[in-house]
Amino acid sequence: MTNARPDRPRLRFAPSPTGYLHVGGARTALFNWLYARKFDGEFLLRIEDTDKARSTDESTRAIFEGMEWLGLNWDDGVVYQGANLARHQADARKLLETGAAYRCFCTPAELEERRRQAQSGKEAFKYDRRCDRLPREEVEGRVAAGEPYVIRFRVPEGTTEWNDLVHQRIAFPNKDIEDFVILRSDATPIYNLAVVSDDIAMGITVVMRGDDHISNTPKQILLYRALGAPLPTFAHLPMIHGLDGKKLSKRHGATAVGDYQHYGLLPGAMLNFLALLGWSPGGDREVMTMPEMIELFSVDGLQKKAAIFDPKKLEWMNGQHLSMIPIEELEPRVTPAIISARLATEEELVERRDWYLRLLDLLRIRSRTIDDIVRQAAPYFLDNIEYDPTAVAKNWKDPVESAELLRASREALANTTSWEPGPLEASLRGLAESRGVSAGKIFQPLRVALTGLSVSPGIFEMLVQMGRDLSLKRIDNALIALGV
Ligand code: GLU
C-alpha cells in the first residue's frame, strides 16, 4: 500500500465523515497540506468511516467539496478506513500472538458495576487486569465455548513521551493509562488501533492534528512500538475558540466551510484566515497568497495557545484578497451576482467588458464582500437609484443648501470640456473655492446624488466611470428628490 520515499514527509488529513467540514478541520487539513508542500512531501486524505452509524456519504461529499474549493489537493487516491478492517483485525491478532494484548471477557455490565463502585469510593476507575491473569486453558475454553471477548492492550510500565513539534516534550506516566480495548467483541477496531494501523500502512511520517488528541498519542505510541513500526513525528495544533474564549461552535455563527463558500467568500481569503489560526509567519505579516504561505510556512511559527476565530477579521481578509487577486479572477465571481441582482444581462456585460472591468477595479477597493461590490455597482447600471436614508440624513441635512450646491455643481460639470478626472477635479475645486467652502461640502452631497450612498470610490473616477450623461441625469433626479 505504501510507496513512500524515505526522504519525503508523508502527512494525512483524517476526518470522520460525521458532519460538514468544520473550519477547525479545514485548518488542520491546511497545515498538513502546507507542511507537505513546503517540504516536498505528500499529503494524503483518509476518510475515517469506521463508525458506520454516524458516517454519511453526504458528509464525505462535503469534505471533498470543501477541500476542492480551498484547493487542498491530495496525493494518491482517498483511503477509506472502513475498507481496512481485515488489516486492523490482523494487527490486533498480531498483538495477541506476541503477548502485547490479551482477551478480556468482562461484560459491559460488569465493568459498569465496577466503575460505579470505584466512583462511590471516590477512586478513579481503571481496569484491574483480571482477565490478564486467567489461566491459558480457561481462556481457550471460553473462546471455544463462543463466549464474547474484547482484545485489550497491556500497557507496560514506565513513561511514554515524545517531542511534539508544537508543545516540545510531552510525557505521560503509563500507570495513568489503563489497558485499553483495541478490538471490540464484534471484532471492529477502536479508533486508536485503526489510526495506528492505517498510519503505518500509509507510511505517514508526520501526524498533525488538533490538540484534543494529545491524550490518545501515548496509547498510539505504545501501539507503534508493539507493532514494531517506527514512530512518526507528532504535532498537536491548538483548538479554535470564538471571541468569547469558548470552543468554537454553531453559537458563534457559521462554522461550516461550505457556508462560507456559498456566501461568496474567496477561497484564498479563507485559506489565509485559516492559516493564521495557530500559525504566524512572524512579524506583523498577515495577508498572504497561497504560494507565499508555502514559502513562509515553518514549524517554529506554530502556536500553542488557542486561536481565536473572529468573523470580522475573516471579512477584512476577504476585502484584502478582493483587492489583490487578478481582475480576470474576480470578474467570474462577481458577474453571476450582478446578473442575479438584475443590474445587467450577461450580453450587456460582454458588450461593455472593458468598462465593466474598470468598474470592478474601482469598486473592489472599498469592498469586503462580493455583495458590497454589487451594492456599490447598482448606481452605474440602473436608471433610478435608491437613496440610503443615513447618507441623506448626513449629507443632505439642509435640503435647500444641498440643492443649491448640486445645481452649481451640475453647471460646473456640464461646462467641463473634457470628461476626465483632472478637468473634473479642477471644475469642482474651482467651484468650492469661488464659494469659499471646503471641497467636501461640494463632494458629499454630490456623492449621494450620484450613488445614493455615502461611501464610494473617489468622486472624479466615479464621474468618469458613470459617464457624462448618466452623471448629469443623476443630479437632475436628485434635485427632484430633494423637492426644492
Ligand atoms: N478521525 C479523527 C478526527 O477526526 C482523526 C484524528 C487523527 O488525525 O488522528 O478527529
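It should be noted that the structure appears before, not after, this text.
Residues numbered from 1 in each chain as written. Predicted model: local features only at pLDDT ≥ 70, side-chain atom pairs only at ≥ 80, totals over all residues. Heavy atoms only, no water.

Asker: What is the right way to look at the overall build of the protein in this model?
Answerer: Each helix and strand counted, the protein has 21 helices and 12 strands in total. Here the C-alpha atoms of the protein give a radius of gyration of 32 Å, more than 25% beyond the 23 Å that 2.2 N^0.38 yields for 484 residues. Contacts in the protein between residues at least 24 apart in sequence constitute 75% of all its contacts with a sequence separation of at least 6. When the accessible area of the protein is evaluated, it comes to approximately 23,400 Å², of which 51% is carbon and sulfur surface. Between the averaged position of the 62 positive side-chain charges in the protein and that of its 68 negative side-chain charges there is a distance of 4 Å. (Helix = DSSP H or I, 4+ residues; strand = E, 2+ residues; numbered from the N terminus. Rg over C-alpha atoms; globule rule 2.2 N^0.38 Å. Contact = heavy atoms within 4.5 Å. Areas by Shrake-Rupley, 256 points an atom, 1.4 Å probe, with all protein chains shown as cover. Lys, Arg positive; Asp, Glu negative; His and termini not counted. Charge placed at Lys NZ, Arg CZ, Asp CG, Glu CD.)

Asker: Can you help me understand the site of the ligand in this one?
Answerer: Around the ligand, the structure places Arg12, Ala14, Pro15, Ser16, Glu48, Tyr191, Val195, Arg209 and His213. Within the side chain of arginine 12, one N or O atom sits 2.6 Å away from an oxygen atom of the ligand. In the model, an oxygen atom of the ligand is placed 2.8 Å from a nitrogen or oxygen of the arginine 209 side chain. Considering the ligand on its own, with 300 Å² of exposed area, one finds that the protein chains cover 80% of that surface. When atom positions are compared with the pocket grids, the ligand is found to occupy the largest pocket. A breakdown of the residues in the shell around the ligand according to their chemical character gives 4 nonpolar, 2 polar and 3 charged. (Near = heavy atom within 4 Å. Polar contact = N/O pair within 3.5 Å; in protein donor to acceptor, adjacent residues only side chain to side chain. 1 Å grid on protein atoms, 1.4 Å probe; cavity = no way out; pocket = protein on both sides within 12 Å on 5 of 7 lines; lining within 4 Å. Sits in = over half its atoms within 2 Å of the grid points. Nonpolar A, V, L, I, M, F, W, Y, C, P; charged D, E, K, R; others polar.)

Asker: Quick question: what am I supposed to make of the nonpolar core here?
Answerer: As a rule of thumb, soluble globular proteins bury nonpolar side chains together. Within the largest apolar cluster, 107 residues are counted, with the highest numbers of intra-cluster contacts made by Met67, Ile338 and Phe381. In terms of residue count, the dominant contributor to this core is helix H1 (residues 23–38) (9 residues). In terms of nonpolar packing, the next biggest core, distinct from the first, is built from 29 residues, Val155, Val196, Tyr224 and Ala229 among them. (Core = buried A, V, L, I, M, F, W, Y, C linked by side-chain atoms within 4.5 Å. Buried < 20%, exposed > 50% of the residue type's maximum accessible area, 1.4 Å probe, protein only.)

Asker: Is there a simple way to think about the pairing of strand S10 (residues 233–237) in this case?
Answerer: When a strand is regular, its side chains alternate between the sheet's two faces. Across the 5 residues that make up S10, a large majority, 4, are buried. Pairing analysis gives 5 bridges linking strand S9 (residues 206–210) to S10, with the strands arranged parallel. If you follow glycine 210 over to S10, its bridge partner there is leucine 237. In terms of handedness, the path from S9 via helix H7 (residues 217–226) over to S10 forms a crossover that is right-handed. (Pairing = 2+ DSSP bridges. Right-handed = clockwise from strand over helix to strand, strands pointing away.)

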